[in-house]
Amino acid sequence: MIVRRLENQRPFATKDGSTIRSILDRTNAPVQNQSLAEASLPAGAGTDRHYHKASEEFYFMLEGEAQMEIDGETCSVGP
């Protein structure tokens, strides 16, 4: 069993200004193709378009609203 406390994960800033705290990924857990992280953005901000060749990302919105594009399809997302 692996337990990771969010408050113990070191945050880092990305080029687009979002703050990320990795919870589970291949560098810290026995997973190969998944990534679970907390991402925080200032209101009105967005992330840069990006692609992960070797992993899937899981999203769980806690607050706010956003537009998400996956494989050319855009949808509104929120809590």
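One can find the structure itself at the top, above this paragraph.
Definitions and limits used
- Residues numbered from 1 in each chain as written.
- Predicted model: local features only at pLDDT ≥ 70, side-chain atom pairs only at ≥ 80, totals over all residues.
- Heavy atoms only, no water.
- Pairing = 2+ DSSP bridges.
- Helix = DSSP H or I, 4+ residues; strand = E, 2+ residues; numbered from the N terminus.
- Contact = heavy atoms within 4.5 Å.
- Buried < 20%, exposed > 50% of the residue type's maximum accessible area, 1.4 Å probe, protein only.
- Polar contact = N/O pair within 3.5 Å; in protein donor to acceptor, adjacent residues only side chain to side chain.

Please provide a residue-by-residue account of the sheet that holds strand S4 (residues 56-57), values included.
The strand order S1-S2-S3-S4 describes an open sheet built from 4 strands, whose pairing is mixed. The sheet terminates laterally at strand S1 (12-13) and S4, the two strands that pair on one side only. Judged from the 2 bridges that link them, strand S3 (residues 34-40) and S4 form a sheet pairing that is parallel. In the strand pairing of S4, glutamine 34 is matched with glutamate 56.

Got a sec to walk through the environment of aspartate 48? Specific residues and values, please.
Turning to its location among the elements, aspartate 48 is positioned in the loop between S3 and S4. Non-local contacts of aspartate 48, meaning those with residues more than four positions away in its chain, are made with Lys15 and Asp16.

An account of the pairing of strand S5 (residues 66-70) is requested, with residue identities and associated values reported.
Looking along a regular strand, one sees the side chains alternate between the two faces of the sheet. Across 5 bridges, S5 lies against strand S6 (residues 73-77) in antiparallel orientation. Looking across to S6, one finds that glutamate 69 is bridged to threonine 74. Connecting S5 to the antiparallel partner S6 that follows it, the hairpin turn spans 2 residues, and aspartate 71 within it adopts a positive phi of roughly 50°.

Any chance you could break down the side chain of glutamine 9 for me, citing the residues and the numbers?
Secondary-structure assignment places glutamine 9 in the segment before S1. Taking relative accessible area as the criterion, glutamine 9 reaches 14% and is therefore assigned buried. There is a polar contact of 3.0 Å between the side chain of glutamine 9 and the backbone oxygen of arginine 5. Look past the residues within four positions of glutamine 9 in its chain and what remains in contact with it is Arg4, Arg21, Ser22, Ile23 and Asn28.

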